[in-house]
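# Examining the three-dimensional arrangement
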There are 2 protein chains.
Amino acid sequence: MAWRFALMIDPAASDDARTDFDATFTEVDPSAPALTVGELSTQRGDGIFESIGVVDGHAQEVTAHLERLAHSARLCDLPAPHLPQWRAAVGRAAAHAGAGESVIKLILSRGVEHGPTPTAWVTVADAGDFTAARTDGIRVVTLDRGYRLDTPAQAPWLLLGAKTLSYAVNMAAIREAKRRGADDAVFTTSDGYVLEAPTASLILRRGDRFTTPAPNAGILHGTTQLSLFEHLEAQGHEVGYDTIPASDLATADAAWLVSSVRLAAPVTAVDGAPLPVDRDLTAAMNAYLLSPRD
Amino acid sequence: MAWRFALMIDPAASDDARTDFDATFTEVDPSAPALTVGELSTQRGDGIFESIGVVDGHAQEVTAHLERLAHSARLCDLPAPHLPQWRAAVGRAAAHAGAGESVIKLILSRGVEHGPTPTAWVTVADAGDFTAARTDGIRVVTLDRGYRLDTPAQAPWLLLGAKTLSYAVNMAAIREAKRRGADDAVFTTSDGYVLEAPTASLILRRGDRFTTPAPNAGILHGTTQLSLFEHLEAQGHEVGYDTIPASDLATADAAWLVSSVRLAAPVTAVDGAPLPVDRDLTAAMNAYLLSPRD
């Protein structure tokens, strides 16, 4: 992966009257030091982020990502991000993305310990090549996320619906999946329901109905899943949000992990048992996800 | 809090033959940029840390902290830290601590995304003034950590015994405690046992017996708690590790949150109900914890 561009944002310099944000941005070299050791993002994973897919310089679903950034900020008691400022930063970043697929990351950190304001930045990097995952698919294993389906509503301090920088568990789950000979994980609740993957949403198909776990169960509301559901509905398919027993995953007619950069990866096996793959439908999904979307 | 000193460490440059580590250290200005935006510590909270108390230039319990760093590295599949190199870095840092109380932080990050090696650094900062917490005490609230007592053993990918940089939940729990009019939180399991505080260990006293939750329940083995138990035992008290029902906290004869920098803070109230404070014993504990310890 090659870093292409990085921009520090001054969140304190935004205000409702401002329409030109260039003076609040500072371009930095992504391979040179830009953050101090006192950064709470680095000391405590204390901040939030978004990853936006970019295709041929077009940043996908920017509004949905900005709205989720604001949602995460509320859950984490961070100052509300000034969305026009962030949108302008995404625009600056997208101009550096070049042809092909890239990823724009937005990071809002609580700032430097005992410092005055949050710190914030945006990066652009070339995306990896996900052709194999999109066409040949991925094997998943189910891993217990440790909590019950009703825990997130009862314990908001667990931040289970926020996209925080504290992703060590998500990364450990992917390593555990690889140790088990799979490519990715699907988290389940301790009382036996499927949730999401460490960095993707889960979509199941049963007959002509597409379903995904309801986002009130402390999971992220996937921007790619949302976009894909709109598309599937427009194509005449039925879509819905459900409480899905983990046993439904292995008996689905098809399943995908969908995310902003890897897009739709068909699941070929669950805990070692094969799952059917609809290659034509998957190809159509990815063609849609690669088209310009707002 | 004033930053005093920061040192980048090159973990790849250590080897068993080396005894002089100065060439593997690079002093950096703690208030100037030192980390790149690609750092996985900052993007994913993907790394581990330790906070070491320093009193008049003496770093406390360094061996216990280095051993826990190595333990966290194992749980997180990070390369084993070369402990003589880290010990030398602590020595360099402690020389900059000055008189009074300070804190040395050790951070081992998975490194820059797709980069070759982990990154690592050590900082020194003045400690806050914890006189009020040590003498007048702190009010705590109990907060559900969301998992059962047996979850950590069954789901090691949740990293529940590792001191990772993914501390957003710990920080959110402290904010929730303050919203409830308290000073700190004590995590409980979903099946009703006490665990630890977000940044401290819990010690209860009942009669002449001191007890703390058994560290196999996915909690950190507190270095301060360990040191204090050795001291209490040497003074003729009984100490032990137990599975402690949450209801035992409110009915204890006394309770403390203990940690490397705040040291022993007596608990004055649990969920609003007062708890007795033994001021003389607490003062003796803190006098011991402020004495040079190895």
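Residues numbered from 1 in each chain as written. Chains lettered and ligands numbered in written order. Predicted model: local features only at pLDDT ≥ 70, side-chain atom pairs only at ≥ 80, totals over all residues. Heavy atoms only, no water.

### With respect to the pairing of strand S3 (residues 47–55) of chain B
Residues and elements named next belong to chain B. For S3, the tally of buried residues reaches nine of nine residues, placing the bulk of the element in the interior. Residues Gly 47, Phe 49, Ser 51, Gly 53 and Val 55 of S3 are buried on one face, and the alternating residues Ile 48, Glu 50, Ile 52 and Val 54, pointing to the opposite face, are buried as well. Sheet analysis places S3 next to strand S5 (residues 101–109), joined by nine bridges and oriented antiparallel. The residue bridging Val 54 from the neighbouring strand is Ser 102, located in S5. With two bridges joining them, S3 and strand S4 (residues 58–59) adopt antiparallel strand pairing. In the sheet register, Val 55 faces S4, and the bridge partner there is His 58. The hairpin turn running from S3 into S4, its antiparallel successor, is two residues long, and Asp 56 in that turn takes a positive phi close to 50°. (Buried < 20%, exposed > 50% of the residue type's maximum accessible area, 1.4 Å probe, protein only. Helix = DSSP H or I, 4+ residues; strand = E, 2+ residues; numbered from the N terminus. Pairing = 2+ DSSP bridges.)

### Observations regarding the relation of the copies chain A and chain B
At an RMSD of 0.0 Å, chain A and chain B line up after a rotation of 180° and a shift of 0.0 Å along the axis. Within this description, the copies of the chain are treated as partners about a two-fold rotation axis. (Least-squares fit on C-alpha atoms with pLDDT ≥ 70 in both.)

### Considerations on the side chain of B:Ser102
All names here are of chain B. By secondary structure assignment, the location of Ser 102 is in strand S5. Using a relative accessible area of 1% as the deciding quantity, one classes Ser 102 as buried. In terms of polar contacts, Ser 102 uses its side chain to reach the backbone carbonyl oxygen of Ala 97, at 3.2 Å. Residues within four places of Ser 102 in sequence aside, it is in contact with Ile 52, Gly 53, Val 54, Ala 97, Val 124, Ala 125, Asp 126 and Ala 127. (Polar contact = N/O pair within 3.5 Å; in protein donor to acceptor, adjacent residues only side chain to side chain. Contact = heavy atoms within 4.5 Å.)

### Points about the pattern of salt bridges
Under the definition given, this model contains 34 salt bridges over all chains. The shortest N-O distance in the salt bridge between A:Arg175 and B:Asp77 comes to 2.8 Å. Placement of A:Arg175 in helix H6 (residues 168–179) and of B:Asp77 in the loop between helix H2 (62–75) and helix H3 (83–94) is noted, with the two residues assigned to different chains. Of the charged contacts, one joins B:Arg148 and B:Asp150 as a salt bridge, the two residues approaching to 2.8 Å between their closest N and O atoms. Among the residues examined, B:Arg148 registers a relative accessible area of 25% and is labelled partly exposed. Residues joined by salt bridges that share partners form a network here, namely A:Asp77, B:Arg175, B:Glu176, B:Arg179 and B:Arg180. (Salt bridge = Lys/Arg side-chain N within 4 Å of Asp/Glu carboxyl O.)

### Notes on the sheet that holds S4(B)
Picture the strands of a sheet paired through backbone hydrogen bonds; they go either parallel or antiparallel. Residues and elements named next belong to chain B. The strand order across the open sheet built from six strands is S2-S1-S6-S5-S3-S4, with neighbouring strands paired in antiparallel fashion. One side of each edge strand has no neighbouring strand; the edge strands of this open sheet are strand S2 (25–28) and S4. Strands in contact with H2 are S3, S4 and S5; relative to S3, the strand with the most contacts, it is inclined by about 175°. (Axes fitted to C-alpha atoms, helices over the stretch in contact; angles between N-to-C directions.)

### Focus on the sheet that holds strand S5 (residues 101–109) of chain A
All names here are of chain A. Pairing is antiparallel across the open sheet formed by six strands, whose spatial order is S2-S1-S6-S5-S3-S4. The open sheet is flanked by strand S2 (25–28) and strand S4 (58–59), the only strands paired with a single partner. As defined by bridge partners, S5 adjoins strand S6 (residues 119–126) across eight bridges and the pair is classed as antiparallel. Paired with Ser 102 across the two strands is Asp 126, which belongs to S6. Contacts from helix H2 (residues 62–75) reach strand S3 (47–55), S4 and S5 within the one sheet, and its direction differs from that of S3 by about 175°.

### Focus on the interface of chain A and chain B
On the side of chain B, 55 residues touch chain A, which itself brings 55 residues to the contact. Between chain A and chain B, a total of about 4,600 Å² is buried, with carbon and sulfur atoms accounting for 58% of that surface. Sorting the residues of chain A by area buried against chain B places A:Val37, A:Arg44 and A:Trp157 first, and these three jointly supply 18% of that buried surface. At the junction of chain A and chain B, the tally comes to 25 residue pairs in polar contact (both at pLDDT 80 or more). Of all elements in the fold, only strand S1 (3–9), helix H1 (40–44), S5, S6, strand S7 (138–144) and H6 of chain A reach the threshold of two or more residues within the side of chain A that touches chain B. Top element by residues in the side of chain A that touches chain B is H6(A). It accounts for eight residues. Here the residues of the side of chain A that touches chain B are counted per class, giving 27 nonpolar, 15 polar and 13 charged. (Buried area = accessible area lost by both parts, 1.4 Å probe. Nonpolar A, V, L, I, M, F, W, Y, C, P; charged D, E, K, R; others polar.)

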